[in-house]
Amino acid sequence: MSAALPVIKPLRRPRLWSALWVLAVLTVIVVCLIPPPPIPLPENSDKGEHFLAYFILAGSAVQLFRRGRPLLWVGAGLVLMGIGIEFAQGALTSNRMADPMDAVANTIGVLVGMATALTPLRDILLRWRG
């Protein structure tokens, strides 16, 4: 019997990096569903925050997960998470509202983050021996 390829790259501390990534995902979910801070922001300025959050999640997924199907599934999951959070904001909260443009910013962040898999930056954690 042949063993299936692992989903995670052969990192020095895979459990630590996996736990940190899951914690980051959970943090994004919580921050998106709790009441927003009472700070006046310019209209649509949150799109950059959405892009950056999902870029970081996807870029760190590139560091953690193997290329191919595992990484594609994670990318698709992040896109669906971004869309799902927008629906949840509209349906489950009274202090937030669903914004399709936030979902677009999330998706673009995921795509740009996943694109780091095509650069030499894709294996920074593999090379890091800290």
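Structure first, text after, so check above.
The present account deals with the structure reproduced in this document. (Residues numbered from 1 in each chain as written. Predicted model: local features only at pLDDT ≥ 70, side-chain atom pairs only at ≥ 80, totals over all residues. Heavy atoms only, no water.)

## Things to note about the overall build of the protein chain
Turning to step 1, where the next piece is worked out: The helix and strand inventory of the protein chain stands at five helices and zero strands.
Turning to step 2, where the next piece is worked out: Ordering the α and β elements of the protein chain from the N terminus gives α-α-α-α-α.
Turning to step 3, where the next piece is worked out: The principal-axis extents of the C-alpha atoms in the protein chain amount to approximately 50 × 30 × 25 Å.
Turning to step 4, where the next piece is worked out: Considering only contacts within the protein chain whose residues lie at least 6 apart along the sequence, 82% involve residues at least 24 apart.
Turning to step 5, where the next piece is worked out: Surface accessibility of the protein chain: about 8500 Å² in total, with carbon and sulfur atoms responsible for 73%.
Turning to step 6, where the next piece is worked out: Across the protein chain, the 12 positively charged side chains and the 7 negatively charged ones have centroids separated by 24 Å. (Helix = DSSP H or I, 4+ residues; strand = E, 2+ residues; numbered from the N terminus. Contact = heavy atoms within 4.5 Å. Areas by Shrake-Rupley, 256 points an atom, 1.4 Å probe, with all protein chains shown as cover. Lys, Arg positive; Asp, Glu negative; His and termini not counted. Charge placed at Lys NZ, Arg CZ, Asp CG, Glu CD.)

## Re the pattern of salt bridges
Turning to step 1, where the next piece is worked out: Using the criterion set out here, one finds five salt bridges in the structure.
Turning to step 2, where the next piece is worked out: D99 is the partner of K47 in a salt bridge, and the nearest nitrogen-oxygen pair spans 2.7 Å. With K47 in helix α2 (residues 46-64) and D99 in the loop between α3 (69-92) and α4 (100-115), the pair connects residues that are 52 residues apart, well separated along the chain.
Turning to step 3, where the next piece is worked out: Salt bridges sharing common partners tie together D46, K47, D99 and D102. (Salt bridge = Lys/Arg side-chain N within 4 Å of Asp/Glu carboxyl O.)

## Observations concerning the packing of α2 against α4
Turning to step 1, where the next piece is worked out: In contact at an axis separation of 7 Å, α2 and α4 are set at 35° when each is read in the N-to-C sense. Helix-helix and strand crossings are classified by hand; for α2 and α4 the assignment is right-handed. Contact residues: D46, K47, H50, F51, Y54, F55, A58, G59, A61 and V62 in α2; M101, D102, A105, N106, I108, G109, V110, V112, G113 and M114 in α4.
Turning to step 2, where the next piece is worked out: Of the residues assigned to the contact of α2 with α4, the class counts are twelve nonpolar, five polar and three charged. (Axes fitted to C-alpha atoms, helices over the stretch in contact; angles between N-to-C directions. Left-handed = near helix turned anticlockwise from the far one by under 90°. Nonpolar A, V, L, I, M, F, W, Y, C, P; charged D, E, K, R; others polar.)

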